[in-house]
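Survey of secondary and tertiary structure
In case you want the letters, here they are:
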Amino acid sequence: MSHSTVPRSRAEAKKKSPTQTPAASGGTTGPGDQKASGKLSLRLRFRRDRVLLLMTLPVVLLVLVFNYIPILGNVIAFQEYDPYISDNGVISILNSPFVGLENFQRIFEDSAFWNAVQNTLILFFLQLVLFFPIPILVALLINSVVRPRVRAVAQAVLYLPHFFSWVLVIAVFQQLFGGAGVLSQLLRENGYDGINIMTNPDTFPLLITAQSVWKDAGWGIIVFLAALASVSPDLYEAAAMDGAGRWRRMWHVTLPALRPVIALLLVLRVGDALTVGFEQILLQRDAVGPGAGEVLDTFVWWNGVRNQDFSYAAAAGLVKGVISLGLVLAANKVAHLMGEQGVYKK
Amino acid sequence: MTAVIDKPVREPRWWQAPPRPTWEEEPSKAGLAGKGLALTLACLAILFPLWIVVVTSLSSRKTIDEVGGLVMVPKGITFIAYKELLSGGQVTRAAIVSILVTLIGTAFSMTVSVLCAYGLSRPGSLAHRWILMILLATMFFSAGLIPTYLLVQTLGLTDSYLALILPSAVSVFNILVLRGFFTGISQELVDSARIDGAGDFRILWQIIMPLSRAVIAVITLFYAVGYWSAWFNASLYLNDQDMMPLQNVMIQLVQKQEAPVGLGQAIKTGQLSGLAVQMAVMVMALLPVAVLSPFVQRHFKKGMLTGAVKG
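Calculation criteria
- Residues numbered from 1 in each chain as written.
- Chains lettered and ligands numbered in written order.
- Predicted model: local features only at pLDDT ≥ 70, side-chain atom pairs only at ≥ 80, totals over all residues.
- Helix = DSSP H or I, 4+ residues; strand = E, 2+ residues; numbered from the N terminus.
- Buried ≥ 20, exposed ≤ 12 C-beta atoms within 10 Å, placed from the backbone.
- Contact = placed C-beta atoms within 7 Å.
- Axes fitted to C-alpha atoms, helices over the stretch in contact; angles between N-to-C directions.
- Parallel < 35°, antiparallel > 145°, perpendicular 65-115°, else oblique.
- Nonpolar A, V, L, I, M, F, W, Y, C, P; charged D, E, K, R; others polar.
- Left-handed = near helix turned anticlockwise from the far one by under 90°.
- UniProt positions renumbered as here; feature names shortened; annotations may be inferred.
- pLDDT = per-residue confidence, 0-100.

**Thoughts on the overall build of chain A**
Looking only at helices and strands, chain A has 18 helices and zero strands in total. Taken over 346 residues, chain A has a buried fraction of 35%. Considering only residue pairs separated by 6 or more positions, chain A has 60% of its internal contacts joining residues 24 or more positions apart.

Written out as structure tokens, the structure reads:
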């Protein structure tokens, strides 16, 4: 495989790598050592690390094919893409006429698009206000439980729904709040009319938030628990010596310890603002109708996959993608300005 | 100094609190009760719905009709719904599809992820920073649904189970977690093995992997749950209803309230409750996850945090 690129015999290379590096750096460091690598030529480094490179190859290929190559496909947002030209998307793209920014113009004049934007933002803010604080509170609660068994059992139960599929979570909610669900059953037994929350567009944002809380609030505590576990007990002791009670210790020791984590998660959440539970909402979009149930991601799905209007959908997806990227970068910037770490380092 | 014989200190039993540090005040009765109540309510909010689902799936048609819907208190247990669903037919096939896709997909994802994580974990190796950047960048953007959809079509993966595995085979986050763990393993250990003549594959298999069992268990669970829960790619790329995995069949049965193919008659004629059938499918979907995840639980924190943030 590498015989053609490196004109050396295999035996020589084998002899080379174990003998050369210990000699170069005092015998204690291996071939992967930073100091040694600085002195090696590119070709030698390639020979030394080719197995490592080979190991990364499958993932690199998969990522290039499924994450990078599709980026090029966004060119159809500027075309009048015709999928019937060929089964091969590349041929179809090459033979589809360019229309400039026409698709984007159509999007910005489309009231359905603005409705999707509005729904997305409503859901984002609702989740930020109602979902975000809950894991923090639950983590504080769990952290104050000192009996290890109680703690382990509670954690096991709280983590569980995170591993359920959205299909299952929504099915469970349907059994509770649907037209034939537990709630309706109870209401009817007591002489009221049954209600179906699952198909009510007015309460849909609350329903989505409630489902998210049920599924993921428990899982969200992990990061906070780790941050809490890393607080030195000495700090609490010192605070107690100074006369701080339970609540003041929480205010002055616990919460400051959580601040970096909270900031990081907020940054991540804001950067991801336009993504509000695609699978979850798509599964329920038909039940409540697009008026309340359409968000940006489902708008793309509906126009592209259902209506086969690929160029239009790709344009909408591109708008969302570009704004999202901007949001991530801006959110990181804010985190850095606040003196926090953010997602990547400065 | 004379030897001091300690009084045997009895380990606190699980319902007893371990001793508190002397500076900490004893909790008030009301505070303890409030905490207990909050915790119990939170756990009940998760467990009660699951209880109803399980109990109803095990109830006979007679019980379900008596109660007028979902059963909260079990009255006799029958496995008829499961027997009917698992005696061949749509749901049996879907369950087999889901199990196979999960097993094969997880094995594939773990293989490529562990290899890649190790390949990127040796300090100073050629191009590992570049490769890392290529992977990390994907966490900031997505190519979009439509171009990905067209790509999978162009690759000819439609109506093939490969479409359920390949596009979602790699999670960069999981690779970073694995890599974080692998970089933490002492370099001396790896070097001594290399001097003894072990190659990279052997080092990975005989040194790195045995030392990383915890994180490997966590990541395996993450991948397996991902494959088991996936329905969207199947709805996108599979046209043949007979090929659908369990989650997609569950959408049909529970959300759209259709009877499973072949069981419509049994439900109409009254031996079988349609509701119990729905619940049984839900239990089949949740059982593997509910059974497996607690075993891996104690490793979650480690798995979630080491390496993920380090980048």
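From this point on, the discussion continues.
**Considering the overall build of chain B**
Counting secondary structure elements, chain B contains 16 helices and zero strands. With respect to the three principal axes, the spread of C-alpha positions in chain B is 80 × 65 × 35 Å. The buried share of chain B, taken over its 311 residues, is 40%. Taking the contacts inside chain B whose residues are at least 6 apart along the sequence as the reference set, 74% of them involve residues at least 24 apart.

**Overview of the packing of helix H8 (residues 172-184) of chain B against helix H11 (residues 213-229) of chain B**
Residue and element names in this part refer to chain B. As a packed pair, H8 and H11 sit with axes 10 Å apart at the nearest point and diverge in direction by 175 degrees. As the angle between them shows, H8 and H11 are arranged roughly antiparallel. Across the interface between the two elements, Asn174, Val177, Leu178 and Phe181 of H8 pack against Val215, Ile219, Phe222 and Tyr223 of H11. Residues that form the contact of H8 with H11 fall into these classes: seven nonpolar, one polar and no charged.

**Observations concerning the environment of valine 112 of chain B**
Summarising the element assignment, valine 112 of chain B is placed in helix H4 (residues 90-119). Ignoring sequence-local partners within four residues, the contact set of valine 112 of chain B consists of Pro58, Val59 and Leu62 of chain A together with Ala169 and Val170 of chain B.

**A few points about the packing of helix H3 (residues 42-73) of chain A against helix H5 (residues 128-137) of chain B**
The geometry of a pair of packed helices is captured by two quantities: the angle between their axes and the separation between those axes. At a minimum axis distance of 11 Å, the contact between H3 of chain A and H5 of chain B shows a crossing angle of 40 degrees. Classified by chirality, the crossing of H5 of chain B by H3 of chain A is left-handed. Residue-level contacts link Thr56, Val60 and Val63 of chain A of H3 of chain A to Ile131, Ile134 and Leu135 of chain B of H5 of chain B. Of the residues assigned to the contact of H3 of chain A with H5 of chain B, the class counts are five nonpolar, one polar and no charged.

**Topic: helix H17 (residues 296-306) of chain A**
The element H17 of chain A is extensively covered by neighbouring structure, given that eight of its 11 residues are classed as buried. What H17 of chain A keeps buried is the set Leu296, Asp297, Thr298, Phe299, Val300, Trp301, Asn303 and Gly304 of chain A. Contacts from the buried residues of H17 of chain A go to helix H6 (111-131), helix H15 (278-288) and helix H18 (310-337) of chain A together with helix H6 (145-154) of chain B. Trailing H17 of chain A by a residue or two, glutamine 308 of chain A shows a phi angle of about 55 degrees, which is positive.

**Quick word on the UniProt feature "transmembrane region" (unreviewed entry) in chain B**
All names here are of chain B. Look at the UniProt record and you will see "transmembrane region" (unreviewed entry) annotated at residues 37-56, 94-118, 130-149, 161-182, 203-228 and 275-296. In residues 94-118, the share of helix is 100% and the share of strand is 0%. The end C-alpha atoms are 35 Å apart. Helix and strand shares over residues 275-296 are 100% and 0% respectively, and the end C-alpha atoms of the span are 33 Å apart.

**So, the UniProt feature "transmembrane region" (unreviewed entry) in chain A**
All names here are of chain A. Using the residue numbers shown here, the UniProt feature "transmembrane region" (unreviewed entry) corresponds to residues 51-71, 121-146, 158-177, 217-236, 257-278 and 310-331. A distance of 21 Å separates the end C-alpha atoms of residues 158-177, which is 70% helix and 0% strand. As annotated, residues 217-236 has a helix share of 65% and a strand share of 0%, and its two end C-alpha atoms lie 27 Å apart.

**Considerations on unusual backbone geometry**
Of note in this structure, glutamine 308 of chain A is not a glycine but carries a positive phi near 55 degrees. Along the chain, glutamine 308 of chain A falls in the loop between H17 and H18. By C-beta crowding, glutamine 308 of chain A is classed as exposed, having 12 other C-beta atoms within 10 Å. A positive phi angle is found at aspartate 159 of chain B, which is not glycine, with a value near 60 degrees. Along the chain, aspartate 159 of chain B falls in the loop between H6 and helix H7 (162-165).

**Notes on the interface of chain A and chain B**
Counting residues at the interface gives 83 residues for chain A, matched by 88 residues for chain B. Sorting elements by how many residues they give to the side of chain A that touches chain B places H3 of chain A first, with 19 residues. Looking at the side of chain A that touches chain B residue by residue, the classes come out as 55 nonpolar, 20 polar and eight charged.

**Side note on the UniProt feature "domain: ABC transmembrane type-1" (unreviewed entry) in chain A**
UniProt's feature table lists "domain: ABC transmembrane type-1" (unreviewed entry) at residues 117-331 of chain A, given in the numbering used throughout. The straight-line gap between the two end C-alpha atoms of residues 117-331 of chain A is 20 Å; of that span, 76% is helix and 0% is strand.

**Side note on the confidence of the model for chain A**
For chain A, per-residue confidence averages 85 on the pLDDT scale, and residues scoring 70 or more make up 87% of the total. The low-confidence segment residues 1-37 of chain A (pLDDT under 50) makes 39 contacts with residues lying over four places distant or belonging to another chain.

**Re the confidence of the model for chain B**
Residue and element names in this part refer to chain B. Averaged over chain B, the pLDDT score is 87; the fraction of residues at 70 or greater is 91%. Of the regions scoring below 50 in pLDDT, residues 307-311 engages in 13 contacts with residues more than four places distant in sequence or in other chains. Confidence metrics for the complex model read pTM 0.87 and ipTM 0.89.

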